[in-house]
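Examining the three-dimensional arrangement
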Amino acid sequence: MVLKAPNMDLESGVNQNRVKKESWRTILTLAYQSLGVVYGDLSTSPLYVYKSTFAEDITHSESNEEIYGVLSFVFWTLTLVPLLKYVFIVLKADDNGEGGTFALYSLLCRHAKVNSLPSCQLADEELSSYKKDIIISPAPTTFGATLKSTLERYRVLQRFLLVLALIGACMVIGDGILTPALSVFSAVSGIELAMGKEHHKYVEVPLTCVILIALFALQHYGTHRVGFLFAPVVVTWLMCISAIGVYNIVQWDRHVYRALSPYYMYKFLKKTQTGGWMSLGGILLCITGSEAMFADLGHFSQLSIQIAFTFMVYPSLILAYMGQAAYLSQHHVIENESYRIGFYVSVPEKLRLPILVIAILAAVVGSQAIITGTFSIIKQCSSLGCFPRVKIVNTSSKIHGQIYIPEINWTLMLLCLAVTIGFRDTKRMGNASGLAVITVMLVTTCLMSLVIVLCWRKSVLLALCFVIFFGTIEALYFSASLIKFLEGAWVPIVMAFTFMIVMCIWHYGSLKKYEFDVQNKVSVEWLLGLGPSLGIVRVRGIGLIHTELVSGIPAIFSHFVTNLPAFHQVLVFLCVKSVPVPHVKHEERFLVGHIGPREYRIYRCIVRYGYRDAHKDDSEFENDLVCSIAEFIRTGRTGLSVNGEDLRKDFEDLTVVGTPSTHISGVQLCEDEDVSAELVGTSERREILSPRVTKPKKRVRFVIPESPKIDRGAQEELRELMEAREAGIAYILGHSYVRAKQGSSLFKKIVINFGYDFLRRNSRPPTYTLSVPHASTLEVGMVYNV
């Protein structure tokens, strides 16, 4: 039975929704779908913006200057940040169709050598997706060339860029904790108008906690199972709030549109002064979720996201805020004084119950989107060596990017419940969420200014205009949020600081461990001195030695050879690594080469994944690995010369080999219950079969093309590889104990001996992505003195 080609959508991450020349029908369909995935958080902001803004700092007076000023601020903030900055500028800075903070960092890594990954190779720069956005290098006399050389020269600047990207990632994680709590609690708070003042406070928090627990408990099913409900819920919500907004405008204040003038912002600040500036932290909440437009770009097309926001989300939000302002302008004294300013008070009484239900559903959808985004950002951090390895479960075999991380899911749930129970009001939740949101936007603005110069080859003046204009707006909101440090804003700072420490410790420890591997790797001359048998008995089967080195022989191999009386007839040094691109194509996935002469039967295989690629399970991966080595043998690579100089020169020479799904005309692996043990020839293809053994459970064969002809040595090498595959694969893993070497500073000893060691013992092993079977695993320990 010929093995079926693997699911290309899952591994390669090629988004089927992204097409080169979309029809209008396709674009509009994607725009509709994006409403449920991208805009759930942004569309629920009317639930809490006015309530957070008027919490304490300012009051709603008879002159209406405050409410009109707030409306003017909301209108221009929505217009300048989500619409102008994200929709029309930042969305164009995609990384091969992907967006987000790490997409910008990845672009910078490819246009300037600032990448922090130690396992980078020159061969990675030949990837089609790596070079796609790089047209020409900037002229030596330009500012872009000067900036590029400065970044490449100073290590401290490279680390600063990495830290900046990690700060954005940490704040996204904090937003994944705060947004569900704020959105769901604000939606549930509508029961205040239906219950007595002394009773509703006993219902809001428990009901919010129940909804949040249910939300996180359902994450492992994947969003694709309930995704068909998302877009209709958000569309219904947007239509409801815009219709209520129009009703309130017509019913209460038809001239509220005058408040859209920037003059009302000036009047607002002139009257309220310090209180007005501090209230900007509440106004800031009107753009929560804007970053999702860029972060979720990979799931949709740029044009579909632009259409959805410009023609549906943006006008609906403006009408909703105008309607609330119109109602409040005519209602200065409300019966329920504790709920004086809010969303539900402006909803007609007969509609409050159905609107409450729709609001809760919309809040759940918005929370779902930010939770999924948190999973994605942690996966990217882990791929780039900046976060401990965690279990990543792909919840959809067709839609790339839909993942579930159990450890992170339950951590988010506990922290989210702690925030809800600890704060119990939208004011402090809003202060915390606002600071997280605006910090991510500031990071995006800074990275975007570098992209404009280094990647887009635009003038430095344009980059300065961008960073000064949008940076000033965001810095104003950032200062207003930071001043609320003791009133809730400390939460995202503490969370971000905690995650930042974890990321930095893991990144530092991983770098030191890799440097130790490089400094202590075994020389090729030592390997050649062992002879073809390596000085020991070679037994049937494939020995798969996992290493993080992309060149050289790891020191752990000498331990194996010294301590084990026998070794496998085929040895493969396997390195699974990430590269700073979102996706690596199937045909560029594997790099394969010989270590030593051909008769040694030792190979190096480097498997490259993008930071958004999904990894295969063990059976598919094993078959792809063996087929790629077989294809490498078939193409005629003869191994390394025995001449010392030629050997060192060619030792790093690897061949790019795709997976079986990309070279259908190449070697294919088949498994049969019983096959003939002779060489079979056909008019088009011939089969090399492994020798018959007594009652085999499964027989393995390679089906190879008839042309071109392969020499006898290659046939023998293929036959031996087949025998080894039939006997089975054993995973040989190194179990490292990392310790700071003698003479290290106290700080380094604490970081390595306690911090990194704790994270390493409580994270997944390096081979977790391969689903290594325990029955086929051999571990050998080794102490790393870094």
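Residues numbered from 1 in each chain as written. Predicted model: local features only at pLDDT ≥ 70, side-chain atom pairs only at ≥ 80, totals over all residues. Heavy atoms only, no water.

In the annotation of an unreviewed UniProt entry, the chain is listed under the name Potassium transporter and assigned to Anisodus tanguticus. Recorded in UniProt under Function (unreviewed entry), the annotation for the chain is "Potassium transporter." Regarding the chain, the relevant UniProt record gives this comment under Sequence similarities (unreviewed entry): "Belongs to the HAK/KUP transporter (TC 2.A.72.3) family." (UniProt positions renumbered as here; feature names shortened; annotations may be inferred.)

This part is about the overall build of the chain. Looking only at helices and strands, the chain has 26 helices and 13 strands in total. Within the chain, buried positions represent 59% of all 786 residues. Put simply, 82% of the contacts in the chain that link residues at least 6 apart link residues at least 24 apart. On the chain, roughly 32,200 Å² of surface is accessible, and the fraction owed to carbon and sulfur atoms is 61%. (Helix = DSSP H or I, 4+ residues; strand = E, 2+ residues; numbered from the N terminus. Buried < 20%, exposed > 50% of the residue type's maximum accessible area, 1.4 Å probe, protein only. Contact = heavy atoms within 4.5 Å. Areas by Shrake-Rupley, 256 points an atom, 1.4 Å probe, with all protein chains shown as cover.)

The subject of this paragraph is unusual backbone geometry. Of note, Gln273 is a non-glycine position whose phi angle comes to about 55°, a positive value. Note on placement: Gln273 falls in the loop between α12 (263-272) and α13 (274-283). A positive phi angle is found at Arg424, which is not glycine, with a value near 60°. Mapped onto the secondary structure, Arg424 falls in the loop between α17 (406-423) and α18 (426-454).

On to the side chain of Asp175, then. With respect to the helices, strands and loops of the structure, Asp175 is situated in helix α9 (residues 155-188). Comment: no salt bridge for buried Asp175; closest opposite-charge side chain is Lys85, at 13 Å. Setting aside its immediate chain neighbours within four residues, Asp175 contacts Pro180, Ile370, Ser433, Ala436 and Val437. (Lys, Arg positive; Asp, Glu negative; His and termini not counted. Salt bridge = Lys/Arg side-chain N within 4 Å of Asp/Glu carboxyl O.)

Turning to its location among the elements, Arg352 is positioned in helix α16 (residues 352-383). What makes Arg352 partly exposed here is its relative accessible area of 21%. A sequence separation of 162 residues divides Arg352 from Gly190, and the C-alpha atoms of the two residues are 7.9 Å apart. One polar contact links the side chain of Arg352 to the main-chain carbonyl oxygen of Val345, over a distance of 3.4 Å. Within the local environment of Arg352, its side chain forms a polar contact with the backbone oxygen of Val347, the two atoms lying 3.0 Å apart. (Polar contact = N/O pair within 3.5 Å; in protein donor to acceptor, adjacent residues only side chain to side chain.)

Before going further, it helps to examine the pattern of salt bridges. Going through the model one piece at a time under the given rule, you end up with 18 salt bridges. The salt bridge partner of Lys427 is Glu487, with a shortest N-O separation of 3.2 Å. Placement of the pair is Lys427 in helix α18 and Glu487 in the loop between α19 (460-482) and α20 (490-519), with a sequence separation of 60 residues. Taking relative accessible area as the criterion, Lys427 reaches 18% and is therefore assigned buried. Via salt bridges that share partners, Glu65, Glu66, Lys267 and Lys271 belong to a single interconnected network.

For helix α2 (residues 24-37), spanning 14 residues, the distance from its first C-alpha to its last is 20 Å, which sits close to the expected 20 Å at 1.5 Å a residue. Among the residues making up α2, those that are buried are Ile27, Leu30, Ala31, Ser34, Leu35 and Gly36. (Expected span 1.5 Å × (residues − 1).)

The grouping of Phe143, Val460, Leu461, Leu464 and Ile468 at the surface amounts to a nonpolar patch, some 470 Å² of accessible area in total. No other element matches α19, which puts four residues into the nonpolar patch. Looking at the secondary structure, you find Phe143 in helix α8 (residues 143-153). For Phe143, a relative accessible area of 44% puts it in the partly exposed group. (Patch = residues over 30% accessible without salt bridge, like charges linked within 9 Å, V, L, I, M, F, W, Y side chains within 5 Å.)

The subject of this paragraph is the side chain of Asp253. Within the element layout of this structure, Asp253 appears in the loop between α11 (227-252) and α12. Side chain to side chain, Asp253 and Tyr68 meet in a polar contact 2.6 Å long. Setting aside chain neighbours within four positions, we find Asp253 in contact with Tyr68, Asn248, Ala326, Ser329 and Gln330.

The element strand β5 (residues 590-594) is largely enclosed, with a buried count of five among its five residues. On β5, burial covers both faces: Phe590, Val592 and His594 on one face and Leu591 and Gly593 on the other are all buried. In this structure, β5 lies alongside strand β7 (residues 655-657), joined through three bridges in antiparallel fashion. Paired with Val592 across the bridge in β7 is Thr655. (Pairing = 2+ DSSP bridges.)

Let's shift gears to helix α5 (residues 65-87). For α5, which comprises 23 residues, the first-to-last C-alpha distance of 31 Å matches the rise-based estimate of 33 Å (1.5 Å per residue) to within 8%. Of all 23 residues in α5, 19 are buried; the element is thus mostly enclosed.

Enumeration according to the criterion identifies 17 aromatic pairs in this entry. Residues Phe75 and Trp76 carry aromatic rings whose centres are separated by 5.1 Å and whose planes lie at 80° to one another, so their mutual orientation is edge-to-face. In this structure Phe75 comes out as buried when scored by relative accessible area, which is 15%. For the pair Phe375 and Tyr404, a centre-to-centre distance of 6.0 Å together with 85° between the ring planes defines the contact as edge-to-face. On the criterion of sequence distance, the pair formed by Phe375 in helix α16 and Tyr404 in strand β2 (residues 403-404) is long-range, its members being 29 residues apart. (Phe/Tyr/Trp six-rings, centres within 6.5 Å; stacked < 30°, edge-to-face > 60°.)

Okay, the environment of Phe470 next. Note that Phe470 resides in helix α19. The spatial distance from the C-alpha of Phe470 to the C-alpha of Leu84 is 9.8 Å, given a sequence separation of 386 residues.

In the contact formed by α18 and α19, the axes pass within 9 Å of each other and the chain directions differ by 170°. Regarding the angle of α18 to α19, the classification is roughly antiparallel. Its residues placed into classes, the contact of α18 with α19 shows 17 nonpolar, six polar and one charged. (Axes fitted to C-alpha atoms, helices over the stretch in contact; angles between N-to-C directions. Parallel < 35°, antiparallel > 145°, perpendicular 65-115°, else oblique. Nonpolar A, V, L, I, M, F, W, Y, C, P; charged D, E, K, R; others polar.)

It is worth spelling out the confidence of the model for the chain at this point. Looking at the chain, the pLDDT average stands at 79 and 78% of residues meet or exceed 70. The low-confidence segment residues 1-21 (pLDDT under 50) makes 50 contacts with residues lying over four places distant or belonging to another chain. Below a pLDDT of 50 lies the segment residues 675-686, which in the model reaches 34 contacts outside its immediate sequence neighbourhood of four places, other chains included. (pLDDT = per-residue confidence, 0-100.)

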